[in-house]
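Inside the fold
Listed below are the residues making up each chain.
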Amino acid sequence: MSSFKQRMDEARGLAKIDLVLRNARLVNVLSGEIHVTDIGIHQGNFVGIGTFKLAERVLDLCGSYVVPGLIDGHVHIESSHLCPEEFCSLLLSHGVTTAVVDPHEIANVFGSKGIRYILDSVDNLPFNTFVALPSCVPATDLETSGARLGAKDLSEFIAHPKVIGLGEVMDFQGVIHAKPEMVEKLELPVRFIDGHAPGISPQDLNAYYLAGIHTEHECSTVEEARERLRRGFHVMLREGSAAKNLLDLLPAVTSRNSFQCLLVTDDRHTIDLLQDGSIDHLVRLAIGTGMDPIQVIQMATINAARAIGLPRLGAVAPGYQADFIVLKDLDQFDIEEVYWRGVRQSKKGDRPRFQHIPTEELTESVHIGSWSQTKLRVFANNLQDLTTRVQVIGVQEHSLVTSALVRTLPVIDGLVQTDPAQGVAKLAVIERHHETGNVGVGFVEGLGLKKGAIASTVAHDSHNLVVVGMNDEEMNLAILTCVEMGGGICLVDGERVIGKLPLEIAGLMSNQEAELVAKTLGELHEKALILGISEMVDPFMTLAFLSLPVIPKLKLTDLGLVDVENFEMVKTVL
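Computed from a predicted model, the values in this text were never measured in an experiment. (Residues numbered from 1 in each chain as written. Predicted model: local features only at pLDDT ≥ 70, side-chain atom pairs only at ≥ 80, totals over all residues. Heavy atoms only, no water.)

**Overview of the overall build of the protein**
For the protein, the helix and strand inventory stands at 17 helices and 28 strands. At 25 Å, the protein has a C-alpha radius of gyration in line with the 25 Å of a compact globule built from 574 residues. In terms of overall dimensions, the protein has C-alpha extents of about 90 × 50 × 45 Å along its principal axes. Out of the 574 residues belonging to the protein, those deemed buried represent 63%. On the protein, roughly 21,400 Å² of surface is accessible, and the fraction owed to carbon and sulfur atoms is 49%. Separation of charge centres in the protein, based on 49 positive and 74 negative side chains, amounts to 5 Å. (Helix = DSSP H or I, 4+ residues; strand = E, 2+ residues; numbered from the N terminus. Rg over C-alpha atoms; globule rule 2.2 N^0.38 Å. Buried < 20%, exposed > 50% of the residue type's maximum accessible area, 1.4 Å probe, protein only. Areas by Shrake-Rupley, 256 points an atom, 1.4 Å probe, with all protein chains shown as cover. Lys, Arg positive; Asp, Glu negative; His and termini not counted. Charge placed at Lys NZ, Arg CZ, Asp CG, Glu CD.)

Here is the structure:
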């Protein structure tokens, strides 16, 4: 019998198949309905729905719901602080069977070697990992990254079966002004190009879309989402650990445009993944607002697959890959089992365990060269002044966008001081890749810090060493501790290191299991509260984004204070 005839017979129920799901309540994302049916699975794919009497194995679901495996359309593994194997394991336990990852963070530290590490790590996992090649390494010329990747560097990965897209194009000025280096990247033969253009004008959005960029995850207002929907963008509704935009953007979603919307996490740390979940958490949030569950599940499955160009994922239908989850209650979305290619990978209360690949060549990543605490000093323009006006970065709750503030700070012996009364702390970014000696120093308000210091080698996007503190001595101890660890997060109170999390892989990720990383992070969060950090602020995620010079308004890099809206360096002391 020909293979074609064999497949026809399997789909018609005339030939034996591997597995039949009996009495399933199928959430059909293609027809937009829930209906009771049997589902046939053979050799990792769905052969169809209907009646299948010949099967190696029958699983009676007794009316449980079957939902396609969830898809995260845009996420950075590195932001979880987990190695890729642990990250994929966690996602599987939460019903996510597919993720489009952008290795932008590790690429900014190790370049092509970092991308290769991600691809090698996920290669044989029972999980659909697709890679969007990082388009902006470095993100801007206003910072110093560990590597620089051009179109030629990226083209080496194009033939890899897991490489399907070009990651978030942050340099929208380079796009709309047709800078040759950016045009070369946009012309790479990929299925989709991911957008990242907060603050772009509606008129410039036309050019941005025409360039082939058809997704966007940086909308923070309903109007921004609508402007993109009107031009044909697939709008990614994001709910991460730092940026939480899902509930704010849901009013932009209607029954007439929801097919253009999908759910993403972008950056989500281990504690949130373990406690609340991944895309399943977003599904629960959206359903909790009263939104139609089928519409929400479409945004978490088939919409994502279509936006990204994954034609055989995201639905339960003939020829689709047999990735699905089983649950008893649709509104609670409490997952019972997770299947990938027809094989159960996770059940409630358990998750798969994957072996980690060695990472010795990625552990040497912190090189600050000759260091002196004096590099943290900020001088007043007039050394005789008792106060001075200073530009200050203003932190906003649950947002990557910052305010541009002006505050009057005390001056002692010509040096500008922090001010606990105003909640103003000192912020510094130290270049850690090439021993350039670059140090940017500024001030930040809104973290709530009252004493001590926090340092981290997770600092988007170039991932230099970032530190915030109330005095130079404590900041210095935190810096030296991060160097000694070879990367990670450190908290200091007075002369004591009160907590630390080593992140030995590129200064971004740990080889430890998720539960242990989460436990340590939880302890660090509690100790951060002792330092005065606001309960409304995730100190580590927020700190990581204070050096990202592509999201307005003020940010700090190793080169100094950046006015993001005007894309220029500005003075800290006025």
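**Describing the sheet that holds strand β27 (residues 560–563)**
On the basis of which strands lie adjacent, the open sheet formed by 3 strands has the order β26-β27-β28 and antiparallel pairing. Here the strands that pair on one side only, and so sit at the sheet edges, are β26 (554–557) and β28 (568–570). Put simply, the sheet's adjacent strands are angled 45 degrees from each other on average, direction ignored. In terms of strand pairing, β26 meets β27 through 4 bridges, oriented antiparallel. Across the sheet, the residue bridging to T557 is G560, located in β27. (Pairing = 2+ DSSP bridges. Axes fitted to C-alpha atoms, helices over the stretch in contact; angles between N-to-C directions.)

**Here's the deal with the UniProt feature "domain: Adenine deaminase C-terminal" (unreviewed entry) in the protein**
Here the UniProt feature "domain: Adenine deaminase C-terminal" (unreviewed entry) sits at residues 400–568. The span residues 400–568 is 22% helix and 34% strand, and its two end C-alpha atoms sit 19 Å from each other. (UniProt positions renumbered as here; feature names shortened; annotations may be inferred.)

**Observations concerning the domain arrangement of the protein**
Domain boundaries assigned for the protein yield domain 1 (69–314) and domain 2 (362–570). Between the C-alpha centres of domain 1 and domain 2 there is a distance of 27 Å. With 41 residues of domain 1 at the contact, the number on the domain 2 side is 49 residues. For the pair domain 1 and domain 2, the summed buried area comes to about 3,600 Å², and 70% of that belongs to carbon and sulfur atoms. Per-residue buried area on domain 1 facing domain 2 is highest for H81, L142 and T144; these three make up 22% of the total on that side. Inspection of the region where domain 1 meets domain 2 yields 0 salt bridges. Linking domain 1 to domain 2 there are 15 residue pairs in polar contact (both at pLDDT 80 or more). Elements with a minimum of two residues in the side of domain 1 that touches domain 2: α2 (84–93), α3 (104–110), α4 (112–122) and α11 (270–275). When residues in the side of domain 1 that touches domain 2 are grouped by element, the largest group, 6 residues, is from α3. The residue makeup of the side of domain 1 that touches domain 2, split by class, is 18 nonpolar, 12 polar and 11 charged. (Domains from an automatic or database assignment. Contact = heavy atoms within 4.5 Å. Buried area = accessible area lost by both parts, 1.4 Å probe. Salt bridge = Lys/Arg side-chain N within 4 Å of Asp/Glu carboxyl O. Polar contact = N/O pair within 3.5 Å; in protein donor to acceptor, adjacent residues only side chain to side chain. Nonpolar A, V, L, I, M, F, W, Y, C, P; charged D, E, K, R; others polar.)

**A word on the sheet that holds strand β6 (residues 70–75)**
Taken together, 8 strands build an open sheet; the order of strands is β6-β7-β8-β9-β10-β11-β12-β13 and the sheet is parallel. Two strands bound the open sheet, and with one partner strand each, they are β6 and β13 (261–264).

**Examining the packing of helix α12 (residues 279–288) against helix α13 (residues 293–300)**
When two helices pack together, their arrangement is captured by the angle between the axes and the distance separating the axes. Contact geometry of α12 with α13 gives a least axis separation of 9 Å together with a crossing angle of 150 degrees. Considering their axes alone, α12 and α13 lie roughly antiparallel with respect to each other. Regarding α12 and α13, the two cross each other, and that crossing is right-handed. Across the interface between the two elements, I279, V283, A286 and I287 from α12 touch P293, V296 and A300 from α13. The residue inventory of the contact of α12 with α13, partitioned by class, reads 7 nonpolar, no polar and no charged. (Parallel < 35°, antiparallel > 145°, perpendicular 65-115°, else oblique. Left-handed = near helix turned anticlockwise from the far one by under 90°.)

**Focus on the environment of V343**
Of note, V343 is situated in strand β16 (residues 343–347). On a C-alpha basis, the gap between V343 and D323 in space is 8.5 Å, while along the polypeptide they are 20 residues apart.

**A few points about the pattern of salt bridges**
Throughout the structure, instances matching the rule amount to 23 salt bridges. With its nearest N and O atoms 3.9 Å apart, the salt bridge here joins R12 to D9. Of the two residues, R12 and D9 are both situated in helix α1 (residues 3–12); the distance of 3 residues between them amounts to about one turn of the helix. A salt bridge links R284 to D280; the shortest N-O distance between them is 2.9 Å. On the criterion of helical spacing, the pair formed by R284 and D280 is a turn pair, its members being 4 residues apart in helix α12. Linked through salt bridges whose partners overlap, the residues forming this network are E86, R351, R353, E513 and E515.

**Observations concerning the pairing of strand β25 (residues 496–502)**
Sheet topology places strand β24 (residues 488–493) next to β25; 6 bridges connect them, and they run antiparallel. For L491, the partnering residue across the bridge sits in β25 and is G499. Taking the residues between adjacent antiparallel strands as the criterion, β24 and β25 are bridged by 2 residues, where G494 takes a positive phi near 70 degrees.

**Examining the pairing of strand β17 (residues 387–395)**
Most of β17 is tucked away, with 7 of its 9 residues classed as buried. Bridge count for β17 against strand β18 (residues 402–412) is 9 bridges, and the pairing is antiparallel. When the sheet's bridge partners are listed, G394 is paired in β18 with S403. Between β17 and β18, which pair antiparallel in sequence order, lie 6 residues; one of them, H398, sits at a positive phi of approximately 55 degrees. One ladder, built from 2 bridges, connects β17 with strand β21 (residues 439–445); its direction is parallel. Note on β21: the bridge partner recorded for I393 is V444.

**Details of the environment of A478**
Mapped onto the elements of the fold, A478 is located in helix α15 (residues 472–485). On the basis of relative accessible area, A478 is assigned to the buried category, the value being 0%. Taking the C-alpha atoms as reference points, A478 and V468, 10 residues apart in sequence, are found 9.2 Å from one another. Residues within four places of A478 in sequence aside, it is in contact with A453, A455, V467, C490 and V492.

**Quick look at α4**
Counting buried residues along α4, 8 of its 11 residues qualify, which places the element largely inside the surrounding structure. Residues of α4 that are buried: S112, G114, I115, Y117, I118, L119, S121 and V122. Its buried side turned inward, α4 meets α2, β7 (96–101), α3, β8 (128–133), α5 (151–155) and β9 (163–169).

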